[in-house]
Structures are given as structure tokens and as C-alpha cells.
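So the chains spell out like this:
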Amino acid sequence: MKSKICYKAQDDVLAAIKSWENHLAVEKRFSAHTVSAYMRDLSFFINYFADKENFVDLDFLGNLDVREFRSFISYRAEKKLQKSSLARQISVFKNFFKWLNKNHMVKNSAISLISSPKLNKVLPKAVDVDDTFDIIKQAQVVASSDWQGQRDRAVFMLLYGCGLRISEALSLNYGDFINSENFLKIKGKGNKERIVPLLPIVKESINAYILAVAQNFQPDDALFIGAHGDRLCPRIIQRQLQKIRIRLGLPDTVTPHALRHSFATHLLAQGTDLRSIQELLGHENLATTERYTDVEFATLKKEYDKAYTS
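What you see is a predicted model, and the numbers here were worked out from it, not measured in a lab.

Parameters at a glance
Residues numbered from 1 in each chain as written. Predicted model: local features only at pLDDT ≥ 70, side-chain atom pairs only at ≥ 80, totals over all residues. Heavy atoms only, no water. Helix = DSSP H or I, 4+ residues; strand = E, 2+ residues; numbered from the N terminus. Buried < 20%, exposed > 50% of the residue type's maximum accessible area, 1.4 Å probe, protein only. Contact = heavy atoms within 4.5 Å. Areas by Shrake-Rupley, 256 points an atom, 1.4 Å probe, with all protein chains shown as cover. Expected span 1.5 Å × (residues − 1). Arc of directions from axis to C-beta. Pairing = 2+ DSSP bridges. Phe/Tyr/Trp six-rings, centres within 6.5 Å; stacked < 30°, edge-to-face > 60°. Lys NZ or Arg CZ within 6 Å of the ring centre and 35° of its normal. Core = buried A, V, L, I, M, F, W, Y, C linked by side-chain atoms within 4.5 Å. pLDDT = per-residue confidence, 0-100.

Here we take up the overall build of the protein. Along the protein, the regular secondary structure elements total 14 helices and 2 strands. Residues classed as buried in the protein amount to 43% of the 310 residues present. Counting contacts in the protein only where the partners sit at least 6 residues apart, residues at least 24 apart contribute 64% of the total. Total accessible area on the protein stands at roughly 17,600 Å², and carbon and sulfur atoms take up 51% of it.

As a further point, take helix 11 (residues 234-248). Since one α-helical turn is 3.6 residues long, residues separated by three or four positions face the same way. Taking 1.5 Å per residue as the helical rise, helix 11 with its 15 residues ought to reach 21 Å, and the 21 Å between its terminal C-alpha atoms agrees with that figure. Among the residues of helix 11, those classed as buried are Ile237, Gln240, Leu241, Ile244 and Arg245. All buried residues of helix 11 fall inside an arc of 145 degrees around its axis, so they share one side. Tucked into the core, helix 11 has its buried residues touching helix 6 (129-142), helix 7 (146-162), helix 8 (166-170) and helix 12 (256-269).

Turning to the side chain of Asp41, a few remarks are in order. Locating Asp41 in the fold gives a position in helix 2 (residues 32-53). The contact partners of Asp41, leaving out residues within four places of it in the chain, are Arg88, Gln89 and Val92.

This part is about the pairing of strand 2 (residues 193-197). Burial of the side chains of strand 2 is restricted to one face: Arg194 and Val196 are buried, whereas none of Glu193, Ile195 and Pro197 on the reverse face is. Two strands pair when backbone bridges link them, and strand 1 (residues 183-187) and strand 2 are joined in this way by 5 bridges, in the antiparallel orientation. Residue Phe183 lies in a different strand from strand 2, and its bridge partner there is Pro197.

Let us now look at the environment of Val56. As for its placement among the helices and strands, Val56 is situated in the loop between helix 2 and helix 3 (58-62). For the pair Val56 and Val13, spaced 43 residues apart in the sequence, the C-alpha separation amounts to 7.5 Å. Discounting residues that sit within four places of it in the chain, Val56 has contacts with Lys8, Ala9, Gln10, Val13, Ile46, Phe49, Ala50 and Leu61.

Time to look at the packing of aromatic side chains. Counted by the stated rule, this structure contains 19 aromatic pairs. Ring centres of Phe45 and Phe69 lie 6.0 Å apart, and the angle between their planes is 15 degrees; on these two criteria the pair is classed as stacked. Residue Phe45 is found in helix 2, and its partner Phe69 is found in helix 4 (residues 66-77); the two are separated by 24 residues along the sequence. Each member of the pair Phe45 and Phe69 is classed as buried. The ring of Phe44 carries Arg76 above its face, with NZ or CZ at 4.1 Å from the centroid.

Attention now moves to the nonpolar core. In a soluble, globular protein the nonpolar side chains are often hidden away together inside. Ranked by size, the top nonpolar core spans 49 residues in total, and within it Ile135, Phe156, Leu158, Leu164, Tyr209, Leu223 and Phe224 carry the most contacts. Looking at this core element by element, the count peaks at 9 residues for helix 7. Those residues in contact with Leu223 that sit more than four places away from it in its chain are Leu172, Asn173, Tyr174, Phe177, Ile206, Tyr209, Ile210 and Phe217. In this structure, Val35, Phe49, Val66 and Phe72 belong to the second largest nonpolar core, which totals 37 residues.

For the rest of this paragraph, the subject is the confidence of the model for the protein. Averaged over all residues, the pLDDT of the protein is 85; the fraction at 70 or higher stands at 88%. Highest mean pLDDT in the protein belongs to helix 3 (95); lowest belongs to helix 14 (residues 286-309) (51). Below a pLDDT of 50 lies the segment residues 297-310, which in the model reaches 1 contact outside its immediate sequence neighbourhood of four places, other chains included.

See below:
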């Protein structure tokens, strides 16, 4: 069990941290898990200087120089953190200072001189087309009831058929669907909206779930609900997919997010251009979408090697 997050700082810093936390949760719409991770990473930064100086207020943060920022980075690196974890912690305190500056609390130009460690390129883990449809078929097999199986199948179809993040799928309300016709308006990261096509097969799966659950939905009600009628949480879908993964003998990389990766990878394999995939996924930068070209080349090489070594 993780320890409680605390900050050894003065009241003005504590108030700023609380406001930033609210900004991440409400305005940026980050998940509770992500916000908690940000806060814990920030506590490492704040408490490092508090332990050294015994006094951290906003003026102190504004006067930190490059050497002091780098001393924190060196201290964390000595903890044998993975590069990705260290890069995340650097990103967190840089974003905190950026927010402080934007809100006229602290201006520290030294932060712009801080860079993150270069990370190894990690390719998205896509699922084979046949395995993807096997997963969708298994949703009703592992479920506790018919309506829950229909629900899980509909969620999987949204992840794979529309490329949604699990948080985006589970944040949908009934009104978003019944008023959608052939398109869904999705609110993604940073409250950015995008329009995604709602394929007939996806629409049919959602309608089958609505019919099976026999719930008197109102427009503002959560579309996907749990056993007790409240909004479905991601952990339920993650757990159901884990059961399916074990049942089918699939690797640990098969997660709900892998279905979104599969959506993009399979579109690319069919010749869809990167700009269109970028829009469908809601990526801010094309460079993020370009990772899927490497996935496709890696898949082709794997198939080539298999064909000529068997």
C-alpha cells in the first residue's frame, strides 16, 4: 500500500499544489490514478529541497537555478530509477512550473534549460486481427451475466472499432449515443473534442447491450454501468480482458489500450493515411501517430521472417 502523499512546504506552495491538482482533475480531465501519480512525483521534488533547506515557499521556487534543478535530477537518478520514470518526474515538475508561470505565481526561466533523458523508442503493442475478434467474441463467455457480456463486448467494440481510450468510452453518457446518428463526439485529453465515425457493427453492439441491460436510461446517465448501476470503472474492463487473455493464451501486452493501438495499426495496414488516423485518435502531434508506421514495418518483418524460416 502506497504511503500518503505529503509536502514539506509553506502554505503558499501547498495552496498552489492544491490548485494545480484541481486543474489536472477538472480542466485537463486526467484520471484519478494519473493525478495521484503526478502528485507523488511532485512531492519527491518539493521534499528534496525541503529536506535540504527546511523552507520551501513560492519565492524559493522562483529562485531555483539550473544547478539546483540538476542536483534533484542527479539525486533521483542515483535511486536507480528507470529512464521513463525519471523522465516522467522531470516532466511533472516542469509542467508544475509552467502552470505556476501561467497563473502569475512563480516565474523561473531556468526551468526552460532542463531536458529529459533520451528514451528508447517503445512501439505500441497491437493485437492480431484474428485475436482481436476472438477477444470480442469471448466477452460474453467470461461475463457473469448476459447483459454484462453484452456491455463488455460493446466497450471492446468502441476501443477497437472507434479507437477510443478506455476513459473516453466509459465517460460516454446515454445521450451521447442516442443523439449520435453515425458519429460520436468524443472529449479526450485536455478537453479536446473530436468526431469519430460510429460503424454500424459498433452501433449494433451498443444497442444490443442497451436492450439486454433493461435500464431506463436518461440522457445524462452513464452509458456503461456496473452491477450496482453506477458508472462502469476501467478496472472492471481490465479484469475481464485479463480473463479473456488467459483463456486465449495471449501475452500480457493485450490490454484495453492495445485494442486502440490495433485500431490504428490495422487502419494503417489497409492504407489509411496518417493524418486521418491522427484525427481519429485525437493525437495532438503527428509524431505520436507516426509510431504506427514502425509497428506496421515490424509486423511485416515478423511475417516475412516466419515465412522464410519455417
